[in-house]
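# Summary of structural features
This is what each chain is made of:
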Amino acid sequence: MSQNIPEETMKKVELLWTKVGFVVQLSQMVEYNLANILGFDEILKKFDDEKPLSKKIYDKAVKKANSLYKKLSKRPLGKILEQAEKVKFFTEDGLKLLSEACEKRNFVIHHLFREDLFKGYVDTQPEYYYETVEETIGILHEINEQLVEIFKQQKQEYWML
């Protein structure tokens, strides 16, 4: 970044960085929520397989769910999405939205600044990227809302068992 950026442009650059930071935060929330849903799904599957469920089998399922959660917490969003396809709570539209969000997020996190090495807009016209970043924020926020609802459905199913 050039040291001779006008103050007004610098404020726009800072706003861009703030928006990119929010994309990172929302991405982490999506990954966290997905990992929780996928882990909890492991427990619910055991109830589908066996009724009544013995304490030993339940404890084993919880241990497996916790292990899956820890494993998924270390994986990138794209890898977690592969697991999400196996969960009954996700609709086809929901999976498409997750995939679209992953693509948009990957652009913002991995490609925007690399692309900008050739364009040079971050230092001169940072608002060029605002729409893309704001769309990504919107879709990640929407997905997080849906994931919260899925987790509520899972908890409701669990308490009904």
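Please refer to the structure higher up on the page.
The notes below deal with the structure included here.

Cut-offs applied
- Residues numbered from 1 in each chain as written.
- Predicted model: local features only at pLDDT ≥ 70, side-chain atom pairs only at ≥ 80, totals over all residues.
- Heavy atoms only, no water.
- Helix = DSSP H or I, 4+ residues; strand = E, 2+ residues; numbered from the N terminus.
- Rg over C-alpha atoms; globule rule 2.2 N^0.38 Å.
- Buried < 20%, exposed > 50% of the residue type's maximum accessible area, 1.4 Å probe, protein only.
- Contact = heavy atoms within 4.5 Å.
- Lys, Arg positive; Asp, Glu negative; His and termini not counted.
- Charge placed at Lys NZ, Arg CZ, Asp CG, Glu CD.
- Expected span 1.5 Å × (residues − 1).
- Arc of directions from axis to C-beta.
- Axes fitted to C-alpha atoms, helices over the stretch in contact; angles between N-to-C directions.
- Parallel < 35°, antiparallel > 145°, perpendicular 65-115°, else oblique.
- Left-handed = near helix turned anticlockwise from the far one by under 90°.
- Core = buried A, V, L, I, M, F, W, Y, C linked by side-chain atoms within 4.5 Å.
- Phe/Tyr/Trp six-rings, centres within 6.5 Å; stacked < 30°, edge-to-face > 60°.
- Lys NZ or Arg CZ within 6 Å of the ring centre and 35° of its normal.

## Overview of the overall build of the protein chain
- Counting secondary structure elements, the protein chain contains six helices and zero strands.
- Written out in order from the N terminus, the α and β elements of the protein chain read α-α-α-α-α-α.
- A compact globule built from 161 residues would reach a C-alpha radius of gyration of about 15 Å, whereas the protein chain, at 20 Å, exceeds it by more than 25%.
- For the protein chain, the spread of C-alpha atoms along the principal axes amounts to about 70 × 25 × 20 Å.
- Out of the 161 residues belonging to the protein chain, those deemed buried represent 37%.
- A separation threshold of at least 6 residues defines the contact pool for the protein chain, and within that pool the share at least 24 residues apart is 77%.
- Side chains of the protein chain give 25 positive and 27 negative charges; the mean places of these two sets differ by 11 Å.

## A closer look at helix 2 (residues 55-73)
- Spanning 19 residues, helix 2 covers 27 Å between terminal C-alpha atoms, matching the ideal 27 Å at 1.5 Å per step.
- Taken together, the buried positions of helix 2 are occupied by Ala 61, Ala 65, Leu 68 and Leu 72. When helix 2 is viewed along its axis, its buried side chains cluster within an angular range of 65° and face the same direction. Opposite the buried face of helix 2, by more than 90 degrees, sit the exposed residues Lys 55, Lys 56, Lys 60, Lys 63 and Lys 70.

## A few points about the packing of helix 1 (residues 7-49) against helix 4 (residues 92-119)
- For the pair helix 1 and helix 4, the least separation of the axes is 11 Å and the interaxial angle reads 140°. Taken together, helix 1 and helix 4 sit at an angle that is classed as oblique. Pair helix 1 / helix 4 crosses with left-handed handedness. Touching Trp 17, Val 20, Val 23, Val 24, Ser 27, Val 30, Glu 31 and Leu 34 of helix 1 are Leu 98, Arg 105, Val 108, Ile 109 and Phe 113, all from helix 4.

## Focus: the nonpolar core
- Judged by nonpolar contacts, the single largest core of 42 residues is most densely connected at Val 30, Leu 34, Phe 90, Val 133, Ile 143 and Leu 147.
- Elements supplying a minimum of two residues to this core: helix 1, helix 2, helix 3 (77-84), helix 4 and helix 6 (130-160).
- Element by element, the count of residues in this core is highest for helix 1, at 14 residues.
- The residues contacting Ile 143, other than those within four sequence positions of it, are Val 30, Leu 97, Leu 98 and Ala 101.

## Focus on the side chain of Gln 154
- In this fold, Gln 154 is placed in helix 6.
- Residues in contact with Gln 154, not counting those within four places in the same chain, are Ile 37, Phe 40, Asp 41, Leu 44 and Phe 89.

## Considerations on the packing of aromatic side chains
- One pass over the structure, following the stated rule, counts six aromatic pairs.
- Look at Tyr 121 and Tyr 128: their rings are 4.2 Å apart centre to centre, the planes differ by 55°, and that puts the pair in the tilted class.
- When its relative accessible area of 40% is taken as the criterion, Tyr 128 is described as partly exposed.
- Ring geometry for Tyr 121 against Tyr 129: centres 6.4 Å apart, planes inclined by 55°, an arrangement best described as tilted.
- For Tyr 129, a relative accessible area of 2% gives the class buried.
- Of the aromatic side chains, those joined through ring pairs into one cluster are Tyr 121, Tyr 128 and Tyr 129.
- Here the basic side chain of Lys 19 rests over the ring of Tyr 130, its NZ or CZ set 5.0 Å away from the ring centre.

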